[in-house]
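What follows is each chain in one-letter form.
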Amino acid sequence: MHLSNDQRRILAHPFPSRLRDRTPANSAEHSDCVVVRACAGSGKTVLMVELARTYADETLIYTSLNPAVAGRTASQLPANVQSLSLHQLARQALMEEYGDKLKRQPDITRRLAPQSLSWLGSLSSQSRSLIAQGLNTFFAESDAVPMPEHLPDGVAQRLSANELRQLVESMRLVWECLLDPADHQQSLSFNALLKLWSQHGQSLEADLVMLDEAQDATPALLAMLRRQRCDLLLIGDPHQSLSRQVEGMSSLDSPLLADATVYSLPGAWRFGPALAALGTRLAACSPTAREQAMSGLGPATRLALPAVREALLHSGRRHAVISAGPVAALREALALHQRGIAVAWLDGIEGYPLAGLLDHWRLWRAHQLAEQGDRASQRECWRLLPPSLTRLGQTPAQVLGALARLEDHQARSLHELASWYAQAPLDQWIGELRKHDGDLQAAIVSAHSRGQSVELPTVMLGTVFRAKGLEFDCVVLADDLALPSERQQLPNQVLVTNLSYTAATRARQLLVLNERLSHWWQAQGESERFPLLEALPQAWLSESTHGVQAPHPWWGKARLSELALTPRKRLLLRRHETSLESTPAAVSPAAGTREQAQASGDPVSHAQHLDHDQHLGHARDSDDALQALKRQARTDTTARKLYEMASKLPPGRPSGGLRSLLTPSDAAASTSSPSGSPTPGGPTEPLDE
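Residues numbered from 1 in each chain as written. Predicted model: local features only at pLDDT ≥ 70, side-chain atom pairs only at ≥ 80, totals over all residues. Heavy atoms only, no water.

Undergrad: Where do I start with the side chain of R91 in this structure?
TA: Relative to the helices and strands, R91 resides in helix α5 (residues 86–104). Within the local environment of R91, its side chain forms a polar contact with the side chain of H87, the two groups lying 2.7 Å apart. (Helix = DSSP H or I, 4+ residues; strand = E, 2+ residues; numbered from the N terminus. Polar contact = N/O pair within 3.5 Å; in protein donor to acceptor, adjacent residues only side chain to side chain.)

This is the structure:
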C-alpha cells in the first residue's frame, strides 16, 4: 500500500503502549496523545487501517463523531479493532451504575428538548427553551454543575435576579435528576449521556483509542478521554468543524491538548491542484485559520462558473447539489420539480423540514383567503396550523408579523420560501416529492436483494452535514454557501467558512461554484492559473450523450444509490450483510421465504432477506473479478496498480476484497460498505479522508 511520508511518520510514532510490552498504563500520565490535523481527502482511513495492523496484537477502539464516516471506516478496519459509536461506548461505561435508567430508555435524542422538561411544573415555554439551551451548553463543557454562563448570550442581562436564579436552579435540578440512577423523570439525550460518562463512567479497556472527526469533540469529551489510561489518536480537519465554538477555535486547538504530539496530513488524494488551491484560499478566510497550504495529489479537478450547472442538467451528467442548510435543499428540489427533474436525497427526504414548510405555506394561504373574504377556507387552513405558529397571534396577519421579527434563521427561511409558492399547489408538490422518494428507496432495497443496482436521478440533494465524509464526481454549490462577513460574530464567521470549505472539498472531477464564490475566486491571484470553466468539457458531453459514464473508482452505482436510503434502512442492510458473512456456507434461506419477502413489497423485508446465493458466490467469482479489474486497468492508472498488487496474492478471495475493489460491475460493488466506500484493501491512493 502506498503511504505518504507524513503518514509514515505518524505510523512510526513511539506510543508508550508499544514500550510497555502491551500492559495498560497505571495512570493517564503514562499514556500518550497524538493529534493529526488532516485536510480533506488526505487518507485518514488508510492511516488508521495501517496503524491497526501495526497494533495487530493489541486492543484498539475506533469511534467517530460523524456516524456516516464511522460506518464506512469501520468496515475497513482489521479484526483487532472494536468499532463502536460514542453512544455505545458511553452505554458500556455507564451500564454498571446506570443500567436500569439506560434500559428504560433505549432510544435517545441528540439534544435535550424543551418538551422533555414538562415535569418541572408551570414554567413558560420560553423558560423551558432557555433551560434546554443552557443544559445543552453545559453538557458540552467540562464544568461540574450548570452555571449562569451556560445560558444563551445576553439572557443574564435581560432577566431579573429572581428569574435568573430560578432558571439556574431548574438547570441544576434537571442535572441532579440525571445523576440519580433511580430517578427516571428526565429523559436522556446523547450529550447528557456523554456528560454522565465524563463524570461517572468507567475507564476504557484498550491500548489505543482512535477518535475520528475529532475537530467537533466537546471539552467534556476531551477531558474524559484525557483521563483514560490508554493512548489516544485524535484525527480531524479543523476546517471541517461544523459546530459553533465559543472562541471560533477547533477542538484540536483546545488547551486540553496542549501537551499532545501534533502531526499534519496536508496532501489531498481526492482532488487535484485546482481544488487544493481553492480550498487553501477558503480556509484562509477563517479568522482563526493557520497558514498551511493543501497540495492536490489526486485526479485533475476543474472549477466552473454557475452557468455550467445548466449544461449538467441538459447532458444528464449525475451531480450532487450541496447546501449549507436544509431549506436551501428544499428550494432546489422545488425548482427542479417544476421542471420535471427528479432528485434523490442524501439520507432520504424525511430528514428535511417538509412539515415546517407546509405549515408556513398554509399560513400564507390562510392570510390570502382572509384578504379574499373566504372565511370558511381560511378557518380550515388555520385549523391545520401547529400551536407553535398559532400562539404567535390571533390572525394570520399577526402571525406573519411575529415571524418577521423572529431570530430563528430556519423559521425565517421557511417563511420566505413558503411565500414564494403561496399561489402554487405546494401541498401537492410535497406529496409528489415524498412519493418519489419512497418509491426510490423501495426500489433500491428491492434491487439490493437481487444483487442489482438502481439508476439514480441526475441530481442528488444534501446538506453539508449529510455530505460530510462523502465525495462525488461533480458537485454544485448551492446559493446559501458564502464567505464570512465582518459583521458576523467570530464563531459564525468560522462556521460559514467551514461550511463552504467542506462542501467544496467533496468534489473529485468538477466543482461548480455559486455566484458569490465565483466572483470571489476570480478576484484571487490563483484564478489565473486555475480559471473557471464557462462550459462543460466536450469529452463529458460525449460520454453523457452515449450514456457511458465511467464508474466511480471507489464504489459502484449499487453502493452510491444507498446514500439515498434513510440511515435506518442502511443500517438494516449492513446488519444483514454482517450476518451473512458469519453464516456457514451450508446454511441458505428457504427459497419460499425469500420469494414471500419480495412479493410482500416491504422494503424492510427485502433488507432482511438479501440474496445469500449471491453472497456465497463471491468467492467463486474472485477470478472473474480479477479479470474485470485487468480490463479496467488498461485505461485507469489506479486500477492498473491495484491489478499488479492483486495478481501477486495467493488464490482465493483476499480478506480485503482487493480484486473486486475497482471492478465496473455493480454486483462487485456489493463488497463495499453500505455508506459507499470500499472494504479494506490495498489501493494505491487513500480510500477516504
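Undergrad: Mind showing me how you'd approach the pairing of strand β1 (residues 33–38) here?
TA: Working note: regular strand, side chains alternate between the two faces of the sheet. In terms of burial, β1 is a largely internal element, six of the six residues being buried. Alternating residues of β1 divide into C33, V35 and R37 and V34, V36 and A38, and every residue in both groups is buried. As judged from the five bridges shared by β1 and strand β5 (residues 231–236), these two strands associate in the parallel manner. Within the sheet, the bridge partner assigned to V34 lies in β5 and is L233. In this structure, β1 lies alongside strand β6 (residues 261–265), joined through five bridges in parallel fashion. (Buried < 20%, exposed > 50% of the residue type's maximum accessible area, 1.4 Å probe, protein only. Pairing = 2+ DSSP bridges.)

Undergrad: Whenever I open this one, the pattern of salt bridges confuses me. Can you help?
TA: In a structure, side chains of opposite charge can pair up when their charged atoms sit close to one another. Taken as a whole and assessed by the stated rule, the structure comprises 22 salt bridges. In this structure, the salt-bridge partner of R383 is E380, at a minimum N-O distance of 2.5 Å. Taken together, the residues span about one helical turn, with R383 and E380 both in helix α15 (residues 375–383) at a distance of three residues. Overall, the relative accessible area of 55% leaves R383 in the exposed class. Between K435 and D439 there is a salt bridge, with the nearest N and O atoms lying 2.9 Å from each other. In this pair, K435 and D439 both sit in helix α19 (residues 426–449), four residues apart, roughly one turn of the helix. A relative accessible area of 42% places D439 in the partly exposed class. Residues joined by salt bridges that share partners form a network here, namely K44, D212, E213, D216 and K468. (Salt bridge = Lys/Arg side-chain N within 4 Å of Asp/Glu carboxyl O.)

Undergrad: Can you help me understand the sheet that holds β6 in this one?
TA: If you walk across this open sheet you meet the six strands as β3-β2-β4-β5-β1-β6, and the pairing is parallel. Bordering the open sheet on either side are β3 (81–83) and β6, each of which pairs with just one other strand. Strand-to-strand, the axes of this sheet are offset by a mean angle of 20°, without reference to chain direction. The pairing of strand β4 (residues 208–212) with β5 spans five bridges and is parallel. Note that in β5 the partner of L208 across the bridge is D231. (Axes fitted to C-alpha atoms, helices over the stretch in contact; angles between N-to-C directions.)

Undergrad: Would you explain unusual backbone geometry in this entry?
TA: What you tend to see is this: most non-glycine residues have negative phi, and most peptide bonds are trans. With a phi close to 55°, E213 is a non-glycine residue in the positive phi region. One can find E213 in the loop between β4 and α10 (219–226). One non-glycine residue, D347, lies in positive phi territory at about 70°. Mapping D347 onto the fold places it in the loop between β11 (343–345) and α14 (354–372).

Shape descriptors only; they carry no functional weight alone.
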